[in-house]
Amino acid sequence: MWTEEAGATAEAQESGIRNKSSSFSQIPVVGVVTEDDEAQGVFKPMDLNRVIKLLEETDKDGLEEKQLKFVKKLVRCYQNGLPLRDLAQIFKILNLCAGKIKNQPHFIESAYDIIKLCGLPFLKKKVSDEITYAEDTANSIALLGDLMKIPSSELRIQICKCIVDFYHAEPPKKHIPGYQQASSSYKIQMAEVGGLAKTMVQSMTLLENQLVEKLWVLKVLQHLSTSEVNCTIMMKAQAASGICTHLNDPDPSGQLLFRSSEILWNLLEKSSKEEVIQQLSNLECLLALKEVFKNLFMRGFSHYDRQLRNDILVITTIIAQNPEAPMIECGFTKDLILFATFNEVKSQNLLVKGLKLSNSYEDFELKKLLFNVIVILCKDLPTVQLLIDGKVILALFTYVKKPEKQKIIDWSAAQYEELQLHAIATLSSVAPLLIEEYMSCQGNARVLAFLEWCESEDPFFSHGNSFHGTGGRGNKFAQMRYSLRLLRAMVYLEDETVNKDLCEKGTIQQMIGIFKNIISKPNEKEEAIVLEIQSDILLILSGLCENHIQRKLQALIQLLIVFYHPVPGLLWKNNHNLAYWEPELNSKAMRKEIFGTEGVDIVLHVMKTDPRKLQSGLGYNVLLFSTLDSIWCCILGCYPSEDYFLEKEGIFLLLDLLALNQKKFCNLILGIMVEFCDNPKTAAHVNAWQGKKDQTAASLLIKLWRKEEKELGVKRDKNRKIIDFENLPGLSAEDFVTLCIIHRYLDFKIGEIWNEIYEEIKLEKLRPVTTDKKALEAIITASENIGKMVASLQSEIIESQARQDVQNEQKVYAKIQATHKQRELANKSWENFLARTSNAKTLKVPSGGVVTVESTPARLVGGPLADTDIALKKLPIRGGALQRVKAVKIVDTPKKSIPT
C-alpha cells in the first residue's frame, strides 16, 4: 500500500539522487505559454521550484485547488515532450502528488497526467545531455516501479502503458526550437540502469487478484525481458519461480499463459540458465507446468494452443536436465511417458482415451519433443521402472521396420522418416538401460532385419531433410547409420546374452557383408557418413570378438584346471590348440573364426587407404582407429587369421602406418606388433620390410625410441651414450638398494600373484596335473631366484659401501698420523736447533778420525793465482762447500793432523 511514509521516503530518495549537473539554483525550462507560443512549440521559462514549494505547503485555505491548477499547467506545457534537464524536478512533483493521493484523491488525476507525459519523447538541448542527466533519468524512471504500490488500478495500468511505450518510440508531435529527441533506445537503457525490472517483478505480489493489472505487468516484463541486463535483474528477483507458480491462474483471455511462457523463455536464454532452472526445480513450479501441459495436450485444439503446449514442453525438458528436479515425485515423468507412447502402445488411461495426434506441424514437433524428453528423463535411474511400465522399448520399435505400403500412415512420408530416425536414436539411449525389455521385444532380430532392408535394392526415396537424416537424401544411409549406432551401444554393454544372440543370428557375417557392399559402391558425396558407418561396423565386430583370444582362453583354462581339476565337459588338447570350455567357450572362440579371411580382407582394405586422407577431417582417423582395434580384437589370437594377415602383407602395412610417425597411432600399432610377435612367422615379415630410403624395421623402431627419449627428456653425451639413466646424482647406498627393487618390481608382482595361486591350491588341497605342476614349480622357483638375486645384489651394494667406508676411514687415519709425524719432526728439528745454539755440551767438538786431503781442486779455489778472498766470497754463492769431493781417503795413521 502507498502511505505518506512511503511518499516521504521516495521524496527523500529523489532529493538525494540529484547530481551536481542539475542544480536547483538555476531557472529550469518550464511551460507557461501563450496560444501563439503553443502553436510554435516554444517553452517559456518558469521556476519549477515554486511548484515544488507550493506542493510541499499544507493547511491553507484553497491550497489544494491552487496546487491542482499548477500541475495542470505543467502537464499542458509539456505535452510535446519532457526535457532531460527538467526530468528530476518533474518526477519530484510526481512523487509529491502521489504522496497526497491517500488523503486527497483528486491528486490521482494529476499523477496520472504526469505519468502519461513519461510516454512522450525525452528532449535534449545539447548532444551531451543524455550523458549529463543519465543518473537523474535512471532514478526518475525507477520511480515508476515504486509508484506501482499505489492502490489505483487506473494509475498502475497507466504506468505499464508508459513503460511499454519505451519500446515503441514516436517522434514529437511538434518540433520545439532548440531541442532534439533523445535516442530511441535511451529510455530503455536508463530503465536498465535504474533497475526498473526489479520493482516491476516485486509488484506482482501486490496483484494476486487483479487480472487486468497483472496482465499489464506481464506485458511490461515481456518487453523488459528482451534485454540481458533486465533478465539478470529479474532472475535475481526470483521472477522465474514467481511467474511459473501462477501459470494456472484463471485467465479467459489466455494472455497470462502466453506472456508468462515468453518471459520464462527469455530468462532461460538471456540470463544464467542454471539459476533459472534451479528456481523452477521445485514441486510447486513443476506441478503448475504439469497441469498446464496436460490441459493444453488434452483440450488445446487451436494452432495457438498447440504452439504454447510445445513451448511448455521445451521448458519442461530443460528443467528435467537438473537431476534434483522432482519430476518423478510430481508425477510429470509418468505423464510424459504416457503421452509419448499412447499412439504406439494402446492404453486405457483416461488422460489419453480418445486422443489422437494429427499430422499438423505442431503435433509432429510435439512427437519429436516427447522422444527427446524420454532421452533426458532416462538419465535419472529411478525413471527406468516407469519406462518399463510404459512399454517405451516396444513403442519405439514400432518405427524400426521398413515402410509398409498397404498401411495407411497418418504422418507424411517425410514426417514418418524423421520420426523413424528419431525413434532409433532414442533407442540408442534407452535400450542399454532396459536389456531384458530389449531382448523380450526381439530387439536384435528387429535391428538386423531393418539393416538387411537398408542394404537391399528395395526402391526407397529418402527425404533426408532433418537433423537425423543428414546425408541420407535419396538413400538409406541415415537409417543404416542410426541402426548401427544402436547395435554398437548394445554390443559395448558386454552383456553375453545380447552378444551371443547377435552372433547366433549371423551378425558378424552380416556386418562384413555390409562393409564389403559399401566398398564396392563408393559414394564420395556422402563420404563422411560412409566412413562413420564403416567405423561403427568395425567397432561392432571388435565388441563381439573382444576378450576371446585363443591364448587368453588357454591361460584361463589352465588356471581353471589348476583350481578345479577335474572339470566335467572340459576337453584339453595340447598347448598349441584351443581349449574348449563346453558349451560356453566354444561359441565365444568361434567368433574370431567366423570373422575369418573375409574380415581380414576388409581390415587390409582400410589399411591401404592413402595416408594423405588422414588429414582430411572427414573421419579417416576414426576409421583407422576402429580398424586397428578390430585387428587387436578380431585377428590376434586366431592362428588362421593371423597367418592370413601375414600372408597378405599385413605386417608391412602396419609398419607403413608406424613409419608415418603419428603419435596417436603409434602406441596401438606397437601393441599389435608385440602381440603378433608371439607368432613365429612374424619375425621374417618384420625383417623383410623396407620403408622409404631402404629404411628397415629395426632402424624405424630405434628412431621411434630416440624420439620417445627426446620427449621424455633423456640426456645423452656427445657419443650418444645415456648420461642419466641409472647414474643419478645424490643417491646413497640405501637408495641404490631400493633401486634394485624398482628394477624388478614387475617380476616381484608376477611372482606374488603366482605365489598366491600356489598357496590357494594348497589351501584347497588340489592336485595339479603333472605338466602344470612342473610349470608352476618352475615359475615359483624362477620368482624365488629373482628375489635371491636381488637380495644378493643388495648385499653386495651394502658390503661394497661398508668396504668403501672402511677405506675412507683408513685414509682419514693415515692423514691424521702423517700430520702428527710432521709435527714430531718439526718439534725435534726445533729442539736440535736450540741445542746447537744454547747447549754447551753440544757445542764441544769431540776428537775424531784424521782426514788426508791430497790437494784442493782448482775449480774450488779459482786456480793458483786466484785471490783467496775472492774465492771465499764466491764459495757460498756457487755452493762449493756442498759439492762432493771424489779424492777423499780415510787412513788409520794420518800423515798430517788437521782438526776437523
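What you are looking at is a predicted structure, and each value in this text was computed from that prediction instead of being measured.

### Digging into the overall build of the chain
If you tally the helices and strands in the chain, you get 43 helices and 9 strands. A total of 900 residues make up the chain; the buried ones form 44% of that total. Excluding contacts between residues fewer than 6 apart, the proportion of contacts in the chain whose partners are at least 24 apart in sequence is 75%. Of the accessible surface of the chain, which amounts to about 49,400 Å², a share of 54% is contributed by carbon and sulfur atoms.

### A look at the environment of Glu-457
Turning to its location among the elements, Glu-457 is positioned in the loop between α25 (443-455) and α26 (477-491). By relative accessible area, Glu-457 is classed as exposed at 64%. Excluding its chain neighbours within four sequence positions, the residues that come into contact with Glu-457 are Lys-476 and Lys-521.

### Observations regarding the pattern of salt bridges
Oppositely charged side chains can form a pair if their charged atoms are brought close together. Using the criterion set out here, one finds 21 salt bridges in the structure. Linking Lys-663 and Glu-711 is a salt bridge whose minimum nitrogen-to-oxygen distance equals 3.1 Å. Within this pair, whereas Lys-663 is found in helix α35 (residues 663-676), its partner Glu-711 is found in helix α37 (residues 697-712), the two being separated by 48 residues in sequence. On the basis of relative accessible area, Glu-711 is assigned to the partly exposed category, the value being 44%. Linked by salt bridges that have partners in common, Arg-306, Arg-309 and Asp-363 make up one network.

### Details of the side chain of Gln-534
Take Gln-534: it is sitting in helix α29 (residues 527-545). Using a relative accessible area of 9% as the deciding quantity, one classes Gln-534 as buried. Apart from residues lying up to four places away in sequence, Gln-534 is in contact with Phe-515, Ile-518, Ile-519 and Leu-623.

### Some points on unusual backbone geometry
Even without glycine at this site, Glu-494 takes up a positive phi of about 60°. With respect to the helices, strands and loops of the structure, Glu-494 is situated in the loop between α26 and α27 (496-504). Judged by its relative accessible area of 54%, Glu-494 is exposed.

### Focus: the sheet that holds strand β3 (residues 82-83)
Strand order in the open sheet formed by 3 strands is β3-β4-β5, with mixed pairing between adjacent strands. One side of each edge strand has no neighbouring strand; the edge strands of this open sheet are β3 and β5 (180-181). Relative to β5, strand β4 (residues 122-124) runs antiparallel, the two being bridged by 2 bridges. Considered in β5, the bridge of Lys-124 is made with Gln-180.

### Some remarks on the layout of surface pockets
Of the pockets and cavities examined, the second largest pocket occupies roughly 510 Å³. What lines the second largest pocket is a set of 26 residues, among which Lys-116, Leu-117, Gly-119, Leu-120 and Pro-121 lie closest to the centre. Elements with a minimum of two residues in the lining of the second largest pocket: α4 (63-77), α6 (107-117) and α9 (153-165). Here the lining of the second largest pocket is built from residues that sort into 11 nonpolar, 8 polar and 7 charged.

### As for the confidence of the model for the chain
Residues of the chain with pLDDT of at least 70 account for 81%, and the chain-wide mean is 81. The element-level mean pLDDT for the chain is lowest in strand β6 (residues 570-571), coming to 33, with helix α22 (residues 392-397) highest at 96. Segment residues 865-900: pLDDT under 50, and 23 contacts once partners within four positions in sequence are set aside and those in other chains are kept.

### Looking at a nonpolar patch on the surface
Residues Val-812, Tyr-813 and Ile-816 make up a contiguous nonpolar surface patch of about 290 Å² in total accessible area. Following the sequence through the fold, Tyr-813 ends up in helix α40 (residues 770-838).

### Considerations on the packing of helix α20 (residues 361-377) against helix α23 (residues 413-430)
One way to put it is that α20 packs onto α23 with a least axis distance of 9 Å and a crossing angle of 10°. Considering their axes alone, α20 and α23 lie roughly parallel with respect to each other. Of α23, the residues touching α20 (which contributes Phe-364, Lys-367, Lys-368, Phe-371, Asn-372, Ile-374 and Val-375) are Gln-415, Glu-418, Leu-419, His-422, Ala-423, Thr-426, Ser-429 and Val-430. Here the contact of α20 with α23 is built from residues that sort into 7 nonpolar, 5 polar and 3 charged.

### With respect to the nonpolar core
Counting 212 residues, the largest nonpolar core has Met-200, Leu-221, Met-511, Leu-541, Ile-631, Leu-654 and Phe-676 as the members making the most contacts within it. If you tally residues by element for this core, the top one is α29, at 10 residues. Setting aside residues up to four positions removed in sequence, Phe-676 forms contacts with Ile-631, Ile-635, Leu-636, Glu-642, Phe-645, Leu-646, Ile-651, Leu-654 and Thr-682.

### Thoughts on the packing of helix α34 (residues 650-659) against α37
For the pair α34 and α37, the least separation of the axes is 11 Å and the interaxial angle reads 35°. The chirality of how α34 crosses α37 is left-handed. The segment α34 lies against α37, with Leu-655, Leu-658 and Ala-659 engaging Ala-697, Leu-700, Leu-701 and Leu-704. When its residues are assigned to classes, the contact of α34 with α37 shows 7 nonpolar, no polar and no charged.

### Structural notes on helix α39 (residues 745-764)
Helix length check: α39 (20 residues) gives 29 Å between terminal C-alpha atoms against 28 Å at 1.5 Å per residue, within 8%. All buried positions along α39 are accounted for by Gly-751, Ile-757 and Ile-761. All buried residues of α39 project into a common sector of 120° when viewed along the axis, lining one side. Just past α39, the residue Lys-765 takes up positive phi, approximately 55°.

### Considering the side chain of Gln-67
Following the sequence through the fold, Gln-67 ends up in helix α4. Among residues more than four places away in sequence, those in contact with Gln-67 are Leu-54, Leu-55, Glu-57, Lys-100 and Phe-107.

### Points about the environment of Asp-656
Tracing the sequence through the fold places Asp-656 in helix α34. When the C-alpha positions of Asp-656 and Lys-692 are compared, they lie 9.3 Å apart, and in sequence the two are 36 residues distant.

### What about a positive patch on the surface?
On the surface, Arg-50, Lys-66, Lys-69, Lys-73 and Arg-76 cluster together into a positively charged patch. The greatest single-element share of the positive patch, amounting to 4 residues, is contributed by α4. Tracing the backbone shows Lys-66 in helix α4. With a relative accessible area of 41%, Lys-66 lands in the partly exposed category.

### What about the environment of Leu-206?
Along the chain, the position of Leu-206 falls in the loop between α11 (196-202) and α12 (211-224). The sequence separation of Leu-206 and Met-148 amounts to 58 residues, and the corresponding C-alpha distance is 8.6 Å.

### Observations regarding the packing of aromatic side chains
Summed over the entire model, instances satisfying the criterion amount to 14 aromatic pairs. Through successive ring pairs, a cluster of aromatic residues spans Phe-293, Phe-297, Phe-332, Phe-339 and Phe-342. Between the NZ or CZ atom of Lys-100 and the centre of the ring of Phe-107, over which it lies, the distance is 5.9 Å. A cation sits over an aromatic face here: Lys-125 above Tyr-179, 4.7 Å from the ring centre.

Each value, and the rule that gives it
Residues numbered from 1 in each chain as written. Predicted model: local features only at pLDDT ≥ 70, side-chain atom pairs only at ≥ 80, totals over all residues. Heavy atoms only, no water. Helix = DSSP H or I, 4+ residues; strand = E, 2+ residues; numbered from the N terminus. Buried < 20%, exposed > 50% of the residue type's maximum accessible area, 1.4 Å probe, protein only. Contact = heavy atoms within 4.5 Å. Areas by Shrake-Rupley, 256 points an atom, 1.4 Å probe, with all protein chains shown as cover. Salt bridge = Lys/Arg side-chain N within 4 Å of Asp/Glu carboxyl O. Pairing = 2+ DSSP bridges. 1 Å grid on protein atoms, 1.4 Å probe; cavity = no way out; pocket = protein on both sides within 12 Å on 5 of 7 lines; lining within 4 Å. Points joined across faces, edges and corners; volume = space filled by probe spheres on them. Nonpolar A, V, L, I, M, F, W, Y, C, P; charged D, E, K, R; others polar. pLDDT = per-residue confidence, 0-100. Patch = residues over 30% accessible without salt bridge, like charges linked within 9 Å, V, L, I, M, F, W, Y side chains within 5 Å. Axes fitted to C-alpha atoms, helices over the stretch in contact; angles between N-to-C directions. Parallel < 35°, antiparallel > 145°, perpendicular 65-115°, else oblique. Core = buried A, V, L, I, M, F, W, Y, C linked by side-chain atoms within 4.5 Å. Left-handed = near helix turned anticlockwise from the far one by under 90°. Expected span 1.5 Å × (residues − 1). Arc of directions from axis to C-beta. Lys, Arg positive; Asp, Glu negative; His and termini not counted. Charge placed at Lys NZ, Arg CZ, Asp CG, Glu CD. Phe/Tyr/Trp six-rings, centres within 6.5 Å; stacked < 30°, edge-to-face > 60°. Lys NZ or Arg CZ within 6 Å of the ring centre and 35° of its normal.

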